[in-house]
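# A closer look at the structure
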Amino acid sequence: MNENEGQKLTKKNYLIIFLFFGFVVATLPIIVTELTWDGICNAVGFEKTIYREIIECFLRAALLEETFKFMAFIFARKEYKINRVADSMFAAGLIGLMYAIIEKVVLFNPMTIIVNIFFPIHLLWQWNQGRHYQISKDEKKKGNKGKAFFHMFLATFVIFFLHGTWDALISIGTYMIDENNAITNGDMYGGIILGAALFLGAVYTIITFIITIKTARKAKRENERREENAISE
């Protein structure tokens, strides 16, 4: 049995999750598969239009990225026998954070970097993914199959859908306000779409941070109780 079972993960454990599982297991495969996607699309003459961008928002970005980040999280969870909501949440978050950092460094788009400072969306998605996944496992152990399925759905499909929709809204809004596209009232419609995306992103960010803080505080209280019980015994 792994010595980490039933114990709070150490800083060293989190560092390994961030560097190894975040970079080697998640980020590198994402880079390789996305470059492969680009090569295939270019080879078959699938031109870089707004239609291709929207498709890529869900299949290239959301599907590929979320699949490998989720796989890395599952491997890390198995390696350290993670069985607490807070540990699951922060482990998944570190994997998302690693990918977000590499993605921004590679793309080096100033506007994208600024947006992600205020909306660290990859981190938020993985925080919620880790939390819902662990809750699903806990509910399954209790025999609550309905709740277990619901939280697994939130941890997988919903994260994929949010990722694809966020990217699609940004792409469509940016496309419409581009003066080269000569879309009637494009500035207005594009601005509305981007504004709506940023508003929803802000709401999602605030709610996720509140939930994360509450989860961290609850985990701290539980650890303190365990330490007190250990001393009393």
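Starting afresh in each chain, residues are numbered from 1 along the sequence in its written order. Only residues with pLDDT of at least 70 are given local features in this predicted model, and only at 80 or more are side-chain atom pairs given and counted; all residues enter the totals for whole chains, interfaces and linings. Computation of side-chain values: all heavy atoms of the structure, hydrogens and water removed.

### What to know about the overall build of the chain
Definition in use: Secondary structure elements follow DSSP: runs of H or I no shorter than four residues count as helices, runs of E no shorter than two count as strands, and numbering proceeds from the N terminus. Here the term buried applies to any residue with accessible area under 20% of the maximum for its type, exposed to any over 50%, and partly exposed to those in between, with areas from a 1.4 Å probe on protein chains only. A contact between two residues is defined here by any heavy atoms of the two lying within 4.5 Å. Areas reported here follow the Shrake-Rupley algorithm with a probe of radius 1.4 Å; residue values treat only the protein chains shown as occluding.
When helices and strands are tallied, the chain shows eight helices and zero strands. Its C-alpha atoms give the chain principal-axis dimensions of roughly 75 × 35 × 35 Å. Looking at the chain as a whole, 41% of its 233 residues qualify as buried. Restricting to contacts in the chain with at least 6 residues of sequence separation, those with at least 24 account for 76%. Surface exposure of the chain reaches about 13,600 Å², of which carbon and sulfur atoms provide 68%.

### Some thoughts on the confidence of the model for the chain
Worth spelling out the cut-off: pLDDT expresses, on a scale from 0 to 100, how confident the predictor is about each individual residue.
With 94% of its residues at a pLDDT of at least 70, the chain reaches an overall mean of 90. Looking over the chain, one finds the lowest element-wise mean pLDDT in helix 4 (residues 110–118), namely 73, and the highest in helix 6 (residues 145–155), namely 97. Confidence drops under a pLDDT of 50 for residues 1–5, and excluding neighbours within four residues, the segment shows nine contacts in the predicted structure.

### With respect to the nonpolar core
Short version of the rule: Buried residues of nine kinds, namely Ala, Val, Leu, Ile, Met, Phe, Trp, Tyr and Cys, make up a nonpolar core once their side-chain atoms join them within 4.5 Å.
Leu9, Ile17, Phe21, Tyr80 and Ile95 are the most contacted members of the largest nonpolar core, which has 19 residues in total. Residue assignment for this core shows that the elements contributing at least two residues are helix 1 (11–43), helix 2 (50–79) and helix 3 (85–107). With six residues, the top contributor of residues to this core is helix 1. Listed in part, the nine residues of the second largest apolar core include Phe119, Leu123, Trp127 and Trp166.

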